[in-house]
Amino acid sequence: MASFDAIIIGAGPGGYVCAIRAAQLGLKVAVIEGRDTLGGTCLNVGCIPSKAMLHATHSLHEAEHNFAKMGLKGKSPSVDWDQMQAYKQEVVDGNTKGIEFLFKKNKVTWIKGWASITAPGQVKVGDDLHEAKNIVIATGSEPATLPGIAVDEETVVTSTGALTLKKIPKSMVVIGAGVIGLEMGSVYARLGTEVTVVEYLDAITPGMDGEVAKNFQRILTKQGFKFILGAAVQGVDVKNGKAKVSYKLRKDDSGASLDADCVLVATGRKAFTAGLGLEALGVEMLPRGQVKTDAHFATNIKGLYAIGDAVVGPMLAHKAEDEGMALAEIMAGKAGHVNYGVIPGVVYTSPEVASVGATEEQLKEAGRAYKVGKFPFMGNARAKAVFQAEGFVKLLADATTDRILGCHIIGPAAGDLIHEVCVAMEFGASAQDLALTCHAHPTYSEAVREAALACGDGAIHA
Ligand code: NAI
């Protein structure tokens with residue numbers, strides 16, 4: 001029986017980061033992974049391959065729509081679907097191999113196979129038993145489909161199947177206007193697929209700042225998306241490789257249906273803990289299927305911890321990574337900590353959408369006195385030069401203290417811009433602190449500064 005200081009189950013961003021940090025802090029660490037490659041959903045079938053597809057199709061969009069304007073004339077590129085898939089896989093392989101290298105470098109043992117926890121401090125993989133002072137559940141999540149919908153990953157797909165379609169569909173119905181639906185919908189819309197999104201709520205991207213969500217929907221509509229909001233999908237019928245999606249409008253209960261070559265079910269994800277033996281072990285679970293943990297990631301079983309999508313909180317790779325690092329420190333006897341108030345969220349469409357902290361709706365609901373500083377990318381020279389002047393930066397600050405409470409950006413490189421606000425918030429900065437910080441010209445980040453200026457005496461270029 002092999003013995004470790006920590007056994008981590010799952011090699012996604014939560015698990016592998018936890019393992020590397022724990023090893024760096026001197027612990028003897030093993031990671032158990034059932035997939036053939038490291039990196040979990042994010043690297044294999046999530047964040048990374050989808051970003052490759054978004055990049056490839058964004059480049060196509062640029063060639064089709066903006067090249068001629070810049071004097072770059074000629075035929076737009078045609079799509080070699082097999083090559084695009086191969087490029088995507090190369091990106092994935094490079095990243096998963098990278099984690100393998102990091103494991104070797106940090107002396108993390110990789111145990112291949114599916115794990116179950118047979119007793120406190122004991123894990124079984126195949127016929128082998130392993131023991132550890134600490135066991136970490138970092139098993140992530142899986143797509144949560146709807147009753148009445150049979151996913152075959154060919155005609156009716158989750159995000160996983162959407163990455164490996166045999167050919168580009170002529171039409172696609174996306175169920176759910178969340179992040180997955182809009183990112184993968186963007187990939188196919190840019191490839192010429194007619195994309196219709198059916199969403200239960202009356203707005204897209206639940207939880208996003210309302211003003212941003214509204215603008216986001218308008219921009220996506222301009223890009224060819226069709227939206228049917230306030231519609232509950234009832235079921236999907238597949239005949240001869242074609243799908244019929246039936247839905248009911250919530251306002252009057254009237255029913256209708258849509259035909260499509262492909263249906264993407266993007267109605268959320270749920271914690272993946274099946275087969276771990278948690279019930280037999282008596283691990284306390286939450287009603288929605290996540291593992292119950294305390295503020296230090298501990299379950300009710302001594303030495304058993306859980307992080308990432310398997311516990312409460314936003315299902316984001318970087319949230320899992322931060323929990324992984326914090327838990328490694330706790331296991332090494334230090335004080336690990338995650339600031340849940342400053343976790344950015346990014347949608348990698350074009351334009352990107354990014355947010356951190358409170359939305360305006362949340363501040364209103366909390367009865368908090370706040371001020372809004374807004375700046376449109378139309379006033380940003382760099383954005384205008386590259387046909388990316390749609391969108392704006394919206395900074396929210398406390399009305400009295402000027403402390404930054406949140407930021408919401410729709411526009412070029414929003415997913416990178418948001419981080420200067422994250423750092424500012426970590427330091428408890430005021431909008432004025434940002435406004436008084438010199439920003440290089442011409443950069444997109446000047447729009448963030450201008451939004452901060454708009455919280456005070458006013459933006460310059462608006
Ligand atoms: P989501 O929870 O973001 O959105 C699901 C949507 O489906 C909701 O708007 C919901 O109202 C709608 N819906 C549910 N049932 C429905 C029905 N019967 N008919 C019509 N609409 C229905 O889930 P999504 O997009 O599947 O993503 C799953 C998780 O993965 C999320 O937590 C997301 O944050 C994360 N993720 C994050 C990414 C990023 O940060 N860029 C990328 C991809 C996923």
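Residues numbered from 1 in each chain as written. Predicted model: local features only at pLDDT ≥ 70, side-chain atom pairs only at ≥ 80, totals over all residues. Heavy atoms only, no water.

Caption draft 1: Region of interest: the packing of helix α1 (residues 13-24) against helix α4 (residues 81-105). It is the contact of α1 with α4, at a shortest axis distance of 10 Å, that shows an interaxial angle of 25°. When the interaxial angle is binned, α1 and α4 end up roughly parallel. Handedness of the crossing formed by α1 with α4: left-handed. Judged by residue contacts, Tyr16, Ala19 and Ile20 of α1 engage Ile99, Leu102 and Phe103 from α4. Here the residues of the contact of α1 with α4 are counted per class, giving six nonpolar, no polar and no charged. (Axes fitted to C-alpha atoms, helices over the stretch in contact; angles between N-to-C directions. Helix = DSSP H or I, 4+ residues; strand = E, 2+ residues; numbered from the N terminus. Parallel < 35°, antiparallel > 145°, perpendicular 65-115°, else oblique. Left-handed = near helix turned anticlockwise from the far one by under 90°. Contact = heavy atoms within 4.5 Å. Nonpolar A, V, L, I, M, F, W, Y, C, P; charged D, E, K, R; others polar.)

Caption draft 2: Summary view of the state of the cysteines. Scanning the model with the defined rule gives one disulfide in all. A disulfide bridge connects Cys42 with Cys47, and the sulfur atoms are separated by 2.4 Å. Because the sign of the S-S torsion sets the handedness, a value of about -135° for the bond joining Cys42 and Cys47 places this disulfide among the left-handed ones. In this structure Cys422 is a free cysteine whose sulfur lies 8.5 Å from that of Cys407, the closest cysteine sulfur available. In this model Cys455 remains outside any disulfide bridge; the closest cysteine sulfur is found in Cys407, 9.2 Å from its own. (Disulfide = S-S within 2.5 Å.)

Caption draft 3: Inspection of the sheet that holds strand β11 (residues 226-228) at higher detail. Spatially, β8-β15-β9-β10-β11 is the arrangement adopted by the five strands of the open sheet, whose pairing is parallel. Strand pairing shows two members of the sheet lacking a second neighbour, β8 (156-157) and β11, which therefore form its edges. By the bridge criterion, four bridges tie strand β9 (residues 171-175) to strand β15 (residues 262-265) in an arrangement that is parallel. Pairing of Met172 across the sheet is with Cys262, part of β15. Sitting on the sheet, helix α6 (residues 179-190) is in contact with β9, β10 (194-198), β11 and β15, with an inclination near 165° to β10. (Pairing = 2+ DSSP bridges.)

Caption draft 4: Highlighting the site of the ligand. Taken together, 23 residues lie around the ligand, and Ile180, Glu183, Glu199, Gly268 and Val346 are the ones closest in. Within the backbone of Val179, a nitrogen or oxygen atom sits 3.2 Å from an oxygen atom of the ligand. Taking Gly268, its main chain carries an N or O atom lying 2.9 Å from an oxygen atom of the ligand. Only α6 and β12 (231-239) provide two or more residues apiece to the shell around the ligand. Partitioning the shell around the ligand into residue classes produces 16 nonpolar, four polar and three charged. (Near = heavy atom within 4 Å. Polar contact = N/O pair within 3.5 Å; in protein donor to acceptor, adjacent residues only side chain to side chain.)

Caption draft 5: Inspection of the domain arrangement of the protein at higher detail. Domain boundaries assigned for the protein yield domain 1 (2-143 + 270-338), domain 2 (156-267) and domain 3 (342-454). On a C-alpha basis, the centres of domain 1 and domain 3 stand 30 Å from each other. Contact residues are listed per partner, giving 10 residues for domain 1 and six residues for domain 3. Interface area for domain 1 against domain 3, summed over the two sides, is near 720 Å², with a carbon-plus-sulfur share of 73%. Its largest share of buried area at the contact with domain 3, domain 1 owes to Lys51, His58 and His318, together 41% of the area lost on that side. Counting every contact that joins domain 1 to domain 3 gives zero salt bridges. (Domains from an automatic or database assignment. Buried area = accessible area lost by both parts, 1.4 Å probe. Salt bridge = Lys/Arg side-chain N within 4 Å of Asp/Glu carboxyl O.)

Caption draft 6: View of the sheet that holds strand β14 (residues 255-260). If you walk across this open sheet you meet the three strands as β12-β13-β14, and the pairing is antiparallel. Strands at the two margins of the open sheet, each flanked by one partner only, are β12 and β14. On average, each strand axis in the sheet is tilted by 20° relative to the strand beside it, whichever way the strands run. Two elements, β12 and strand β13 (residues 242-249), share eight bridges in a ladder whose sense is antiparallel. Considered in β13, the bridge of Val233 is made with Tyr247.

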